Every structure is written in C-alpha cells, then in structure tokens.
Amino acid sequence: MQVDKNMSTILLYPLINCPVNCEYCFANPEMPKQKYNKELMVKTLEEISLDRRDTIILHGGEVLSLPIEDFEYFLKAMYKLRGQTHIQTSLMGLKPKHIKLFKKYKTNIGISVDGPPELNILRGPRDPELNKFYQKQIIENIEWLRDEDIYFGSIAVLSKCNAIGDKLETLIKWSKDNKIGGRFNPMFVPFWSKTLSQYQLTPEELKIAWIRLAEECLNDYTLSWQPTREFIDNLIGCGNLGCCVVNRCDYLTTACKTIMPDGNIARCDRCFQDGYYYISDRPITTRAEILQQTECKGCRYFEICGGGCAGEGVNGDVRRKTYYCEAYFGLYEFLEKKIRGMFPNVLLTPDIPNYYNNYMNGQRINFVERFQPSSWLTNSQQSNNFDLGHEDHCFGECKNER
Amino acid sequence: MNDKINVLNSPPVVLPRYGYLHVREDLRLISNLVEQTEYESVKRGLRLANRYHLTPFNFDKEIEKVSKDGLVFLPISRVKNYSGFIHEHIYINDIDQNTLIYGVIAKDLDVAKDFVDAHNNEVDHKSIGEMLGYPECCRNAFVKFWERSFDPIQEIAKETTGHKNCVDGVTTIIENADPNLYVHLRYFGIRIIPFFPCSYHCEESKNFAKKWISLMKDIDSKTTDKLLKLINMPSKWDLYNAQIIVSHPFFMGRATSYYDINRKVVVFR
C-alpha cells in the first residue's frame, strides 16, 4: 500500500462512542456506525507505516472507553512499530489499569483541554452537573499523571470562550502554572453546523491570540507551544514543514491519514464533514498548486503555508485557502521580524524561490553559508524599509474577499 | 472563460462513500464499457467515425484490432499521454513513451481523411460533430458553448426548459430532466451520450441515448445496469478554483477544469 510523501500523522480511529459530548465536536452525526475490526486496523497500520517515522495516534471517540484488552492491543501494535505510543484523550474514565499500560508502552498523552474549568466550558457533557464532575475529573487526572511521572501535552481549542481579552491571559497563566505545553488550535467549525460559528474566533482575533502566545514563547525557551515553535522551524528551514496544515495538505489525500474501523484508509477526520471518508487512490497536490496561482498568488509565506488547512476553507469550501489566512500570515510575519531583529542578514525560507519543491524533496539549507555578520547593513536597513507587511504578497488584496 | 492560470491536468479522483468502496471497480468497468461502445458504434455502422488514441505500449495490438475489424486509422496529432479524462489535449512534437497518437477510425478512408482535414487550421466543429453522428441542434449549440467554456455543464443547464436559478447567483437547479443526457459525471467514466447535448431535454439526444443504451446492453448488460443506476441518482456539480467537485450519493469525485473567476454549481434532482 503506497502513501504520499507528505503523510505526517496516522490516526488509529476505532470510532467508539464518546461519553464526553463536547459542544464543538465535529464528528459527523450521519457517519455510519460500525464495530471496529482491530486485526484489520493493525494490519493496515503495519503496511502503511513500514520504513516511515510518522506519528501514530490512537484517536477517535474517547479512547479510554475502549475495553482494556483492546486498548492494550492497539498500544502494543503501535509500540512494536515506534518504540513509544501516542493517544489523544479527555482523560475521562482514566483507571489505574491505563496508568500501568501508559508506563509499559511509553505513552505520550495528548489531553484535550481548553484551560481551567471556567474557560473549558465548551468541552465535556452538556448537562451542568455532569460537566462539573467532568471538569473536576480532568484536573485530578492531570495531577495523577504528573504524580505518576507520565508525559503529557495538550490540545487546546481556541474560541471566544478562552482566547480573547482577559480570558486569553488566564489561559496563558494556567498553561504556564501547570507547565502544560502543546497545541493551540483554532476551533474547527464543520460546514454543516448551524450554531458553532458563534464561538469561532475571527481571523483577526486568532492572529492576536497566536501572537500573544508567541510572545510568551519567545520570552521562555522552555515553552513548547504550537504553532509558534513549528512556524519558527518553517521560517528557518529546519526539518519538515509543520504542522500538517501547512504541508501542502490536499483535501483528497490529506497529510494526516485515518485508519477506519473497517481497516481502510480515510482522510483527516476534519474532512469527514462532507460525508465522504476514503482517501484518493493516488497522491494529489492540486489544491495548493492552484491556490498558488489564484487566492495565494504572490503571498510571501505561500511556500511554508500552502493555503493552510483545507477543512478550514473559506465558506466551508475545501478548494479555497484557510479562513484563518490573516492569522497564519500574521504569526509568520511577527516571527520573521523577530528573527530578523536578531539576525538581520539571515536567509529565511520566504527568501528562497520555490522553497517547497526544492527543499522538501531532500535538499537542505546550508545553515553556515546563509548567515552574514549581523553587524553588516542590510538593503532594507539602508533604505529604512523593513515593513514586511507591504512587500510582494497579496494579503492586503485578499482581505476583502473573505 | 478566464484562463489566467495554468490549469493542471491531474487525473480525476473518486472518493467512495463509507461502505461503498466497490464503486471504484464499478467505475472502472463502466469506463471500459463506454469506450468499447464508442468503438463498436463505428464498427457496426451506427456512425461514420470516432476519435481514437493509439497508446505507446500497445499500438501494435491496437492497429491489428482496427485492421481486423475492417476499419482504418489516420493520425491527427501527437499528444501528451494521460489517464482517465482530460479537457484538452497537450500537443507535442516529439514521439516517445509518453506520447499518444490522437486520430480517427472510420470504415471509409475518405471519411477518415475528411475528419483529419476538419482539424486543420481552424477546427471545423460542426463537420466533426456530423461525422461523429451527433444531432444537428447539439452541434450548433456546442459551437456557441465552446466560445465560453470547455466544460459547459452550467451553460447546458441554463438552456434547459424549467431550470431554476438560485438567489445565490451561483446555483442552477435541474429537475425532471432526462438523466441519460447527463454529462457531468463523465470525468469518472459515467456517461451515455458521448457529446454535450444542447439541453437536458433535447429530443434528438434522447433518441441517440436510446440507441446507445441498446448497444451498451448488447456489449455488457450487467455493467450497463450499473451505469444506468448511477446516472439516474441525484448529484451536484460544483466548479471553483479550476476544480470540479461532484457529489453523488455513492461517491465524491474531483476533476481539474478550466479557471473561471466565478463559482458555478448545478444541482441535478
């Protein structure tokens, strides 16, 4: 079984019922329910991950709800392939048996949590009493993991409930106090939802939040917050582009692959919003190639953005660039200025024509040769023109279209 | 039609709905049937000529088959190899393993020569359409459509009596038309008539479709039933950013297309 070169993550997706019932869950309610076939799922996993190093994550519904023997079956298969395991969970239903397995299979745990209980209100059961219990359980279980010395990170979903004004400052303080590192993703609103957009950040609000989070990161090198660190790596040309959404993710193949309960491969679960799951039988990068000539034409950061997440396409259209373009652009611009402030003569990826095609196919940037002494004047310093926001990109022109 | 970008000719892609993986195999069978029907129609004298491609790795067998069937082949041009569906040929000078020979098959050498001549200088679409056996009304409509679009799905819809234009200014709805005339699923192999009809109600095209279905059934009755089932289901055709997305109850298909600054959608109910 062949998969495309930009595959980044494999989701093992048993699609079990989830007791958490978050307000913004994007699982398609019309998705057919089917009992998972764990043997077929693992067989596919072994076939597609052979000789590769993509991260494998047990995901899909609340995985701690799996029967413990099946939970171990999946962990064991992942461990055999990678020497460690990853799961994504709300920690609801965490039991001592899970803790034992986490230790045995070196599990990295991604916790789904959006901040302290007063900000985490879109997650968990919708019944107020059950939600109180859920919030309490998360905090206790985080402490339990810490006491057991088990590694975890988080995926926080940024929304109007936790990422604007004082709420954002509370989220930052809570994340720092609890030493929680991880990902700060914008809330994903599937196009079939009629109500969720009320909680969705505007592109400008997301830009403000991401830049604020980046400021904290730049002042504290111990913070591993995404997308800040990944975007810095993308700018300096260090490693593969991260995360998946900027790596030429096409809606027909998607960088993330999902192994469905029947053992077949599907696209990223964000693309399930359209009701079609299986993946293209051949690798495709059409979306990015056309965006480069249309909506993203001339954008300074296209080579390290590719139009962003197809699932976030403007007006729910997977062929369009991400609705959050302004935030992607704003964070890249902020970080580029900071890097150039430190190293005025550094060569960064936006300076390299056709960077993606040349450098994602095996070539590497020579880090030594691209530095000139910082004390030398740059052209832009000599002409007092250091405003990246007004150089050859189309962001300003595109702004009115969204 | 605004061709300001380099439109990609990447092959059409089909994503079956969950539980419908068999659709991929069905579409492969249907594509073969459609191609075979076009060939048989000339062999059996239902029309004068048809387009034909000699492929780089099989041309000896193809020439043998054409000759044994009492047909002639004349080349028209060398084009870049492609698989599946393409809106336009990419013409090339060199001949190599990536070259298709685009040409014509006919029973009569003079017809084949006329067909080739009709491709010289300014392409004579009306004469070509006549030799291919297409109805006159559709030949005339094609010339008009071709000035505006390489893929006139919405243009045909707007010529169809009873169509509805939605207030979004983007969507056209077609109801109670004849699905046998649908050509918006052809990227994935699903089609009966091998031409653009002048409308989705065209009587001449309906008669053509009847003859074609009969020929298809004669070749492979089971696959014809599959084709008829798929083409008769509701679907949506949606063009934007040079990509067509077709939503069908059994699959989602994507094909690259021409660029138009406006989005175009046709809903077939």
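Scroll up to find the structure this text is about.
All values reported here derive from a predicted model rather than from experimental measurement.

**A closer look at the overall build of chain B**
Assigned secondary structure in chain B consists of seven helices and 10 strands. Over its C-alpha atoms chain B spans a radius of gyration of 18 Å, differing by no more than 12% from the 18 Å that the globule rule assigns to 269 residues. Dimensions of chain B, computed from C-alpha atoms along their principal axes, come out at roughly 55 × 45 × 35 Å. The buried share of chain B, taken over its 269 residues, is 54%. The contacts of chain B with a sequence gap of at least 6 include a subset with a gap of at least 24, amounting to 64%.

**Things to note about the packing of aromatic side chains**
Residue and element names in this part refer to chain A. Under the counting rule described, the total for this entry stands at 32 aromatic pairs over all chains. Between F26 and F188 the ring centres are 5.0 Å apart and the planes differ by 90°, which places this aromatic pair in the edge-to-face class. Placement of the pair is F26 in the loop between β1 (9–12) and α1 (38–49) and F188 in the loop between β6 (182–186) and α6 (203–219), with a sequence separation of 162 residues. Looking at F26, the relative accessible area reads 24%, which means it is partly exposed. Where F71 meets F102, the ring centres are 6.2 Å apart and the plane angle is 70°; that geometry is what we call edge-to-face. Linking F71 in helix α2 (residues 68–82) with F102 in helix α3 (residues 96–104), this pair joins segments that are 31 residues apart in sequence. Both residues of the pair, F71 and F102, count as buried. An aromatic cluster of three or more residues is present, and its members are W210, F231, Y301, Y328, F329 and Y332. The side chain of K35 reaches across the aromatic face of Y36, ending 4.0 Å from its centre. A cation over an aromatic ring shows up here: K38 above the ring of Y73, its NZ or CZ 5.3 Å from the ring centre.

**Some points on the side chain of D69 of chain B**
Checked against the element boundaries, D69 of chain B lands in the loop between α2 (59–68) and β3 (72–80). A distance of 2.7 Å separates a polar atom in the side chain of D69 of chain B from a polar atom in the side chain of Y39 of chain B.

**Some details on the sheet that holds strand β3 (residues 85–89) of chain A**
Residues and elements named next belong to chain A. Pairing within the open sheet is mixed, and its nine strands lie in the order β7-β6-β5-β4-β3-β2-β1-β8-β9. Unpaired on one side and paired on the other, β7 (225–226) and β9 (265–266) mark the two borders of the sheet. Looking at chain direction, β3 and strand β4 (residues 107–112) are connected through five bridges and run parallel. Across the sheet, H86 pairs through a bridge with N108, a residue of β4. Across the sheet, helix α4 (residues 128–147) touches β4 and β5 (152–158), and the angle it forms with β4 is around 155°.

**A few points about the sheet that holds strand β6 (residues 171–174) of chain B**
Residues and elements named next belong to chain B. The mixed open sheet is built from seven strands, whose spatial order is β1-β9-β8-β7-β10-β6-β5. If you trace the sheet from one side to the other, it starts and ends with β1 (13–16) and β5 (164–165), each paired once. Here β5 pairs with β6 via two bridges, running antiparallel. When the bridges of β6 are listed, N165 appears paired with T172.

**A closer look at the interface of chain A and chain B**
Contact residues are listed per partner, giving 31 residues for chain A and 32 residues for chain B. Around 2700 Å² of area is buried between chain A and chain B when both sides are counted, 59% of it from carbon and sulfur atoms. The three residues of chain A that bury the most area against chain B are Y276, Y278 and R319 of chain A, which together make up 31% of that side's buried surface. Our count for the chain A to chain B interface comes out at one salt bridge. Residues R319 of chain A and D238 of chain B are paired through a salt bridge, measuring 2.7 Å at the closest nitrogen-oxygen approach. Put simply, chain A and chain B have 13 residue pairs in polar contact (both at pLDDT 80 or more) between them.

**Observations regarding helix α9 (residues 325–342) of chain A**
Over its 18 residues, α9 of chain A extends 26 Å from the first C-alpha to the last, a length consistent with the 26 Å expected when each residue adds 1.5 Å. When you tally the buried positions in α9 of chain A, you get 14 out of 18 residues, the bulk of the element.

**Some remarks on the environment of T160 of chain B**
Residue and element names in this part refer to chain B. Relative to the elements of secondary structure, T160 occurs in the loop between α6 (153–158) and β5. You can call T160 buried: its relative accessible area is 3%. Those residues in contact with T160 that lie beyond four places of it in its chain are I174, S199, Y200 and H201. Of note is the side chain of T160, whose polar atom sits 3.0 Å from the backbone nitrogen of Y200.

**A short note on the nonpolar core**
Residues Y200 and W237 of chain B are the most contacted members of the largest nonpolar core, which totals 65 residues. Among the elements that line this core, the one with the most residues is helix α7 (residues 203–231) of chain B, at nine residues. Not counting residues up to four positions away in its chain, the partners in contact with W237 of chain B are D151, I153, Q154, H184, Y187, I244, I245, V246, K264, V265, V266 and F268 of chain B. Formed by 50 residues, the second largest nonpolar core is a distinct cluster that contains I48, M187, L196 and I259 of chain A.

**A closer look at the environment of R229 of chain A**
Residues and elements named next belong to chain A. For R229, the position within the fold is in helix α7 (residues 228–236). Exposure remark for R229: the relative accessible area of 22% places this residue in the partly exposed category. With 13 residues separating them along the chain, R229 and G242 place their C-alpha atoms 9.2 Å apart. Leaving out residues up to four positions away in the same chain, R229 has contacts with C217, D220, Y221, L223 and S224.

**Some details on the pairing of strand β8 (residues 256–259) of chain A**
Regular strands show a simple pattern: their side chains alternate between the two faces of the sheet. All names here are of chain A. Because side chains alternate across β8, one face comprises the buried residues C256 and T258, and the other comprises K257 and I259, equally buried. Both β1 and β8 contribute to a ladder of four bridges, which runs parallel. The residue bridging L12 from the neighbouring strand is I259, located in β8. By the bridge criterion, two bridges tie β8 to β9 in an arrangement that is antiparallel. Within β9, the position partnered with T258 by the bridge is A266. Counting the residues that bridge the hairpin from β8 to β9 gives five residues, and of these G263 lies at a positive phi of roughly 90°.

**A short note on the pattern of salt bridges**
All names here are of chain A. Per the stated rule, a full pass over the model turns up 44 salt bridges over all chains. The shortest N-O distance in the salt bridge between R212 and E169 comes to 2.8 Å. Of the two residues, R212 sits in helix α6 while E169 sits in helix α5 (residues 165–177), which places them 43 residues apart along the sequence. When its relative accessible area of 32% is taken as the criterion, E169 is described as partly exposed.

Rules used in this analysis
Residues numbered from 1 in each chain as written. Chains lettered and ligands numbered in written order. Predicted model: local features only at pLDDT ≥ 70, side-chain atom pairs only at ≥ 80, totals over all residues. Heavy atoms only, no water. Helix = DSSP H or I, 4+ residues; strand = E, 2+ residues; numbered from the N terminus. Rg over C-alpha atoms; globule rule 2.2 N^0.38 Å. Buried < 20%, exposed > 50% of the residue type's maximum accessible area, 1.4 Å probe, protein only. Contact = heavy atoms within 4.5 Å. Phe/Tyr/Trp six-rings, centres within 6.5 Å; stacked < 30°, edge-to-face > 60°. Lys NZ or Arg CZ within 6 Å of the ring centre and 35° of its normal. Polar contact = N/O pair within 3.5 Å; in protein donor to acceptor, adjacent residues only side chain to side chain. Pairing = 2+ DSSP bridges. Axes fitted to C-alpha atoms, helices over the stretch in contact; angles between N-to-C directions. Buried area = accessible area lost by both parts, 1.4 Å probe. Salt bridge = Lys/Arg side-chain N within 4 Å of Asp/Glu carboxyl O. Expected span 1.5 Å × (residues − 1). Core = buried A, V, L, I, M, F, W, Y, C linked by side-chain atoms within 4.5 Å.

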